[in-house]
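Results of the structural survey
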Amino acid sequence: MSDLIAAIKGFVSDPLVVAVFLLILGAVSARVLFKSNTMGRALTRLVFFSLLTLVLLRAGVVPYEPLRPASSALRGVVSAGLKIAWWAWGAWLLVGFLRTSLNFERRPREAKLLQDIIAGVIYLAAAFAIIAYVFDLPIQGLLATSGAIAIIIGLALQSSLGDVFSGLVLSFSRPYRPDDWVRIDSGTEGRVIEMNWRATHILTAQHDLAIMPNSVIAKTKIVNLSSPSSVHGVTVSVQVAATTLPATGVGITEHAILNSRLILTYPKASVVVKAINADIITYEVTFFVADLGSATAAQNDLLDLIFRHFSAAHVEFARSDGTVSPGGSDAEPASDSQRVLAQSTIFADLTPEERAALANKLQRKLYEPGEALLEPGVVLSSLFLIGSGVLSVTHPEAKKWVEILRLGPGDHFGEIALLTGEGAWGRITALTPTVVYELPKKDLAPILEARPQVAHELSRALAQRQAAGRMVSSAERGTSEPTANASRWFTERLQKLFNLRSE
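Position numbers for residues start from 1 in each chain and track the written sequence from start to end. The model is predicted, so local features are restricted to residues of pLDDT at least 70 and side-chain atom pairs to those at 80 or more, both for listing and for counting; the totals for chains, interfaces and linings are taken over all residues. Each side-chain value is worked out from all heavy atoms of the structure, with water and hydrogens disregarded.

**Some words on the sheet that holds strand S17 (residues 427-430)**
So the rule is basically this: Paired strands are those between which DSSP finds at least two bridges. Numbering goes from the N terminus for both helices and strands, where a helix is a DSSP run of H or I of at least four residues and a strand is a run of E of at least two. All axes here are fitted lines through C-alpha atoms, helices being fitted over the stretch that makes contact, and every angle between N-to-C directions spans 0 to 180 degrees.
The strand order S12-S17-S14-S15 describes an open sheet built from four strands, whose pairing is antiparallel. Taken across any chain shown, the strands that pair with only one partner, and hence form the sheet edges, are strand S12 (372-374) and strand S15 (400-407). Each strand of the sheet is rotated relative to its neighbour by a mean of 35°, with strand direction disregarded. One ladder, built from two bridges, connects S12 with S17; its direction is antiparallel. Looking at the pairing, Leu 374 lines up with Ile 428 of S17.

**Here we look at the confidence of the model for the chain**
Defined as follows: Per-residue confidence from the prediction method is given by pLDDT, with values spanning 0 to 100. The contact criterion used is simple: two residues touch if any of their non-hydrogen atoms lie within 4.5 Å.
Looking at the chain as a whole, its pLDDT mean stands at 77, while 73% of the residues score no less than 70. Low pLDDT, under 50, characterises residues 327-331; the predicted model gives this stretch nine contacts beyond four residues in sequence or across chains. Scored below 50 in pLDDT, residues 468-484 makes 28 contacts in the model with residues more than four places away or belonging to other chains.

**Quick word on the pattern of salt bridges**
Formally: Each salt bridge in this description consists of a side-chain nitrogen of Lys or Arg and a carboxyl oxygen of Asp or Glu lying within 4 Å of one another. We call a residue buried when its accessible area falls under 20% of the maximum for its residue type, exposed when it is over 50%, and partly exposed in between, using a 1.4 Å probe and counting protein chains only.
Under the definition given, this model contains ten salt bridges. With a closest N to O distance of 3.8 Å, Lys 274 and Glu 284 form a salt bridge. Here Lys 274 is found in strand S7 (residues 270-276), whereas its partner Glu 284 is found in strand S8 (residues 280-289), with ten residues between them in sequence. Lys 274 sits in the exposed class, given a relative accessible area of 52%. Three or more residues joined by partner-sharing salt bridges are found here, namely Arg 261, Glu 403 and Arg 406.

**Concerning the packing of aromatic side chains**
Aromatic ring pairs: the centre-centre distance and the angle between the two ring planes describe each pair. Note the cut-off: Planes of paired rings set the category: under 30 degrees apart is stacked, over 60 is edge-to-face and the rest tilted, where pairs are Phe, Tyr or Trp rings (Trp by its six-membered ring) whose centres lie within 6.5 Å. By definition, being over a ring means that NZ of Lys or CZ of Arg is both within 6 Å of the ring centre and within 35 degrees of the ring normal.
Scanning all chains against the criterion turns up four aromatic pairs. Summarising the aromatic geometry, the rings of Phe 307 and Phe 317 are spaced 5.6 Å apart at their centres and angled 10° between planes, so their arrangement reads as stacked. Here Phe 307, found in helix H10 (residues 295-312), pairs with Phe 317, found in strand S9 (residues 317-318); they are ten residues apart in sequence, far enough to count as distant. Centre to centre, the rings of Phe 310 and Phe 317 are 5.7 Å apart; their planes meet at 50°, and the pair counts as tilted. Each member of the pair, Phe 310 as well as Phe 317, is classed as buried. Taken together through their ring pairs, the aromatic side chains of Phe 307, Phe 310 and Phe 317 make up a single cluster. Of note, Arg 427 hangs over the ring of Trp 401, and the distance from its end group to the ring centre comes to 4.0 Å.

**A word on the sheet that holds strand S2 (residues 189-195)**
Spatial ordering of the open sheet is given by S4-S3-S2-S1-S5, a layout of five strands whose pairing is antiparallel. If you trace the sheet from one side to the other, it starts and ends with strand S4 (209-213) and strand S5 (222-224), each paired once. The average angle at which neighbouring strand axes cross in this sheet is 40°, direction not considered. Examined bridge by bridge, strand S3 (residues 199-204) and S4 share five bridges and lie antiparallel to one another.

**Here's the deal with helix H14 (residues 441-450)**
Residues separated by three or four positions in an α-helix point in the same direction, a consequence of the helix having 3.6 residues per turn. Quick note on the threshold: Regarding the arc, it is the one traced by the directions from the helix axis to the C-beta atoms.
Of all the residues in H14, the buried ones are Asp 443, Leu 444, Ile 447 and Leu 448. Projected down its long axis, H14 carries its buried residues within an arc of 135°, all on one side. In this structure, H14 carries Lys 442 and Ala 450 as exposed residues pointing more than 90 degrees from its buried face.

**Comments concerning the nonpolar core**
As a reminder of what qualifies: We call a set of buried residues a nonpolar core when its members are Ala, Val, Leu, Ile, Met, Phe, Trp, Tyr or Cys and they connect through side-chain atoms within 4.5 Å of each other.
Of all hydrophobic cores here, the largest spans 24 residues; its most connected members are Val 240, Ile 257, Phe 287, Leu 302 and Phe 310. Sorting the residues of this core by element identifies strand S6 (232-241), helix H9 (246-259), S8 and H10 as the ones contributing at least two each. Listed in part, the 20 residues of the second largest apolar core include Phe 347, Leu 362, Ile 447 and Val 454.

**Concerning a nonpolar patch on the surface**
The cut-off we apply is this: Surface patches are drawn from residues lacking salt bridges whose relative accessible area is over 30%; two like charges belong together within 9 Å, two nonpolar side chains (Val, Leu, Ile, Met, Phe, Trp, Tyr) within 5 Å. Computed with a 1.4 Å probe, the accessible areas rest on the Shrake-Rupley method; for each residue, only the protein chains presented here act as cover.
A contiguous nonpolar surface patch, about 340 Å² in accessible area, is contributed by Ile 117, Ile 118, Val 121 and Trp 197. Looking at the secondary structure, you find Trp 197 in the loop between S2 and S3.

**Focus: helix H12 (residues 352-359)**
Within the sequence span of H12, burial applies to Arg 355, Leu 358 and Ala 359. For H12, the angular spread of the buried residues around the axis is 105°, confining them to a single face. Structurally, H12 contributes buried residues whose contacts are with helix H11 (336-343), strand S18 (434-440) and H14.

**Overview of the side chain of Thr 434**
To keep things clear, this is the line we draw: Two N or O atoms form a polar contact when they lie within 3.5 Å of each other; inside protein one atom must be a possible hydrogen donor and the other a possible acceptor, and for residues adjacent in sequence the pair counts only when both atoms belong to side chains.
Positionally, Thr 434 belongs in strand S18. Within the structure, the side chain of Thr 434 is placed 2.7 Å from the backbone oxygen of Thr 432, a separation counted as a polar contact. Leave out the neighbours within four places in its chain, and Thr 434 touches Lys 365, Leu 366, Tyr 367, Ile 386, Ser 388, Gly 389, Val 390 and Leu 391.

**A closer look at the packing of H11 against H12**
Test applied: If an angle is under 35 degrees, it is roughly parallel; if it is over 145, roughly antiparallel; if it lies from 65 to 115, roughly perpendicular; otherwise it is oblique. The hand of a helix crossing depends on one turn: near helix anticlockwise from the far one by less than a right angle means left-handed, and clockwise means right-handed. Note on residue classes: Ala, Val, Leu, Ile, Met, Phe, Trp, Tyr, Cys and Pro are nonpolar, Asp, Glu, Lys and Arg are charged, and everything else, Gly too, is polar.
It is at 9 Å that the axes of H11 and H12 come closest, and there the two elements cross at 120°. Our classification of the angle between H11 and H12 gives oblique. Here H11 and H12 pass one another in a crossing that is right-handed. Contacts from Ser 337, Gln 338, Leu 341 and Ala 342 of H11 reach H12 at Arg 355, Ala 356, Leu 358 and Ala 359. Here the contact of H11 with H12 is composed, by residue class, of five nonpolar, two polar and one charged.

**Concerning unusual backbone geometry**
Across residues other than glycine, the phi torsion is negative in most instances, and most of the peptide bonds are trans. The linkage connecting Ser 227 with the following residue, Pro 228, adopts the cis geometry, with an omega of 5°. Mapping Pro 228 onto the fold places it in the loop between S5 and S6. Put simply, Tyr 266 and Pro 267 share a cis peptide bond, and its omega is -5°. Assignment of secondary structure puts Pro 267 in the loop between H9 and S7.

**Focus: the environment of Trp 401**
As for its placement among the helices and strands, Trp 401 is situated in strand S15. A relative accessible area of 38% places Trp 401 in the partly exposed class. Taking the C-alpha atoms as reference points, Trp 401 and Arg 427, separated by 26 residues in sequence, lie 8.8 Å from one another. Once residues lying within four places of it in the same chain are set aside, the contact partners of Trp 401 are Pro 376, Thr 394, His 395, Pro 396 and Arg 427.

Shown next, in the form of structure tokens:
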């Protein structure tokens, strides 16, 4: 019995047994006690690594020296295993401190990438140390062989490695990020949806996926349309006949820009006279939108407004062959009032004779900038057609005036009173010198009776503004009519007000 107790005491007091015990206890403690605490886990590794080093040195096992002959084969195997564990633990400890201390604020992806690279180097160094000090093998030949193999692999994977290293450069330089809209010099343009070490995935405007190798992107010109902000500039050209002063054309174009609510006030849009000759004046218009997604809508809106404003000012557009076209149409109305009716979509179905007769009923009015055309609560008894200029429609919300929309040539107002008989819900103010044509209700009634389609167009226009959230209609209060049937409901209401027959 005493021999067994002595054997147990000898076994327990053996430094190699203590080292194995410390190794197991340290690994379990680091994983269990500090599972969510990175710094605590790293400090636990350091403490047990220090204790393991002291125990191994006491047992005569020096990890950084070649393995000495042991008294038995079992002790030799255990000593070799502990030396391997010591080097692996040391690498594990360094990597733990690396991941704790090496962090880039706001750039976690780059920090993780750099951590992985350094961790790989540390583990590789530990592997070579194990080969040299545990297995007592010369590493010079291994390094030379590894170098030759690396050269062969590098030549075979030259293209792929170029993509990988270019990906590293792009990851650290960050010329673009996921969700940025970029334009590559090769012609590819779209939104970045993924970046990896080999390639960048770009979703084009046609919803096609373009996979661009990083080595190609690193060698070409990149335009980040989302940086430094989401504000994006758009440039369009307009050519008109050289029958109008260039300064006049600039002013008309500026009115068209002011008419669009999709264009930002700042940065300020610019209009440049790009070229001029005996027949044509070319204007270059640059404007800015809040984000790239609204650029197409803003461009279409501006070109439509430029057409309307230039047509209202009797400015002729140039054809592609260098000749000119009167306002974009070969059949120009005979008078300003007829031109206003021709520009309005609600009177598009009228014959020239009907349009000429109705033009004689229009009453021309001029308003200066800042002058109010309509105040809240006023009940209009006429339909008003805008001949030229820009109007701002505002609505009171939370003790301040909020702009709802802007009106320009071809637009109209006053239909809400014709449809409901109630007062105006907002204020209309002139932003530029504005010409408005008034069509009294008594003169409009015969047209509505003879042409019910005009009533439908009035109702449709009002329903579109309502559906787009551009107006607050008092006609909807107290009704249960669904928005989808707003146009039909307004038409029926208009027919009742004017005692019209149905189609």
